[in-house]
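# Descriptive structure summary
Listed here are the chains, written in short residue letters.
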Amino acid sequence: MKLRVLTLAAAAALTLPGLASAGLVYDTTIIATGQGFGSAPRDLTLQATGQESFQSGAVNYSASGIGFGTPIADSEVFAGNGVTNQEGTSSMPMPRVDDKKYGVPTTGSLDITTANQIGILFNATEPNGDGINVTDLTLKFYESDGTFIGAIDGSFDFDSTVPGNGGAGFVFVVAADQQSEVNGFLEQGGAGTTLALEASTQSFAGGAETFLIYNLASPPVAAIPEPGTYAMLLAGLGAIGFVARRRRTT
């Protein structure tokens, strides 16, 4: 009887919504430095205006190059999470060009050859370290001529974030159970496999939020500190110098 109950419970669990295997998962074991803005590149930037409580944006790639505001349907995502991102560019700040705010890197440029090397750095800019919900993060794979290969996605609700632009670095990785699928994408596209992101977030109060694709074996360099950070750093160095001089005098 007990075995039958457990079997029925397991079968019921499999029918519940929201239990689909995620392709992109937040890896709590990776300690990453937030990127911020300045000279640091990003592959997707989101910043809603006014009193909006939802922000969504998509970068896509075709034979003509980088494009903006045209997400794919969740049905095109391998084992999708049920979320289709919003069309349009209202949450995508200018300038919308392949520059610092957006990007479509190739696996060759990142020296990525396998799925377990892929990392997506999420940088949150929320006041007082408030939380934010990443309701969808989709990683898309294209051939060098713009032919769509496939995509994976994931989501995560952050109860808190490190306050300040450039302070929060959260890393999503490819889930173990979907790495073989992604390796197939990479094999099809070769070194010219082009990567693009789309995402949606809720429960935010600040912005902008940014995402960067990188090779886990080659962490990105942190952004140049803000002027206020420089001032604090100089003050600290001055205090250290004063103490050192006083000790020498003594």
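Up top is the structure these notes are about.
Now for a quick tour of the structure. (Residues numbered from 1 in each chain as written. Predicted model: local features only at pLDDT ≥ 70, side-chain atom pairs only at ≥ 80, totals over all residues. Heavy atoms only, no water.)

Summing up its helical and strand segments, the protein chain has 4 helices and 10 strands in all. Starting at the N terminus, the α and β elements of the protein chain follow one another as α-β-β-β-β-α-β-β-β-β-α-β-β-α. Here the protein chain holds 250 residues, and the buried ones make up 39% of them. A sequence separation of at least 24 residues applies to 79% of the contacts in the protein chain between residues at least 6 apart. About 12,600 Å² of surface is accessible on the protein chain, with carbon and sulfur atoms providing 58% of the total. (Helix = DSSP H or I, 4+ residues; strand = E, 2+ residues; numbered from the N terminus. Buried < 20%, exposed > 50% of the residue type's maximum accessible area, 1.4 Å probe, protein only. Contact = heavy atoms within 4.5 Å. Areas by Shrake-Rupley, 256 points an atom, 1.4 Å probe, with all protein chains shown as cover.)

Within the open sheet, the 5 strands sit side by side as 1-8-5-10-2. Their pairing is antiparallel. Unpaired on one side and paired on the other, strand 1 (24–26) and strand 2 (44–46) mark the two borders of the sheet. Between one strand and the next, the sheet's axes are offset by a mean angle of 25 degrees, whatever the strand orientation. Across 4 bridges, strand 5 (residues 118–123) lies against strand 8 (residues 170–174) in antiparallel orientation. The residue of strand 8 that forms the bridge with G119 is V173. (Pairing = 2+ DSSP bridges. Axes fitted to C-alpha atoms, helices over the stretch in contact; angles between N-to-C directions.)

For sheets, the rule is that strands pair by backbone hydrogen bonds, running either parallel or antiparallel. Here we have 5 strands laid out as an open sheet, ordered 4-3-9-6-7, and antiparallel in their pairing. Edge positions in the open sheet fall to strand 4 (65–68) and strand 7 (148–160), since each of these has one partner strand only. Strand after strand, the sheet turns through a mean of 15 degrees between neighbouring axes, direction not considered. Judged from the 9 bridges that link them, strand 6 (residues 130–142) and strand 9 (residues 194–202) form a sheet pairing that is antiparallel. Within strand 9, the residue paired with L139 across the bridge is L197.

This part covers the pattern of salt bridges. The final tally for this structure, using the stated rule, is 1 salt bridge. With its nearest N and O atoms 2.8 Å apart, the salt bridge here joins E198 to K140. Here E198, found in strand 9, pairs with K140, found in strand 6; they are 58 residues apart in sequence, far enough to count as distant. You can call E198 buried: its relative accessible area is 1%. (Salt bridge = Lys/Arg side-chain N within 4 Å of Asp/Glu carboxyl O.)

Inspection of the entire model under this criterion finds 14 aromatic pairs. Judged by centre distance (5.8 Å) and plane angle (80 degrees), the rings of Y26 and F170 are edge-to-face. Pair noted here: Y26 is in strand 1 and F170 is in strand 8, with a separation of 144 residues, a long-range link. Take F170: its relative accessible area is 11%, and that puts it in the buried class. With a centroid separation of 5.7 Å and 70 degrees between ring planes, the pair formed by Y142 and F148 is classed as edge-to-face. (Phe/Tyr/Trp six-rings, centres within 6.5 Å; stacked < 30°, edge-to-face > 60°.)

On to the nonpolar core. Nonpolar side chains in soluble globular proteins tend to end up buried together. With 38 residues, the main nonpolar core has L139 and F141 as its most contacted residues. The biggest single contributor to this core is strand 6, with 6 residues. Excluding anything up to four places from it in sequence, L139 contacts L24, I118, I120, G150, A151, I152, L195, A196, L197 and I213. Counting residues in each nonpolar core, the second largest holds 5 residues, with V171, V173, L212 and Y214 among its members. (Core = buried A, V, L, I, M, F, W, Y, C linked by side-chain atoms within 4.5 Å.)

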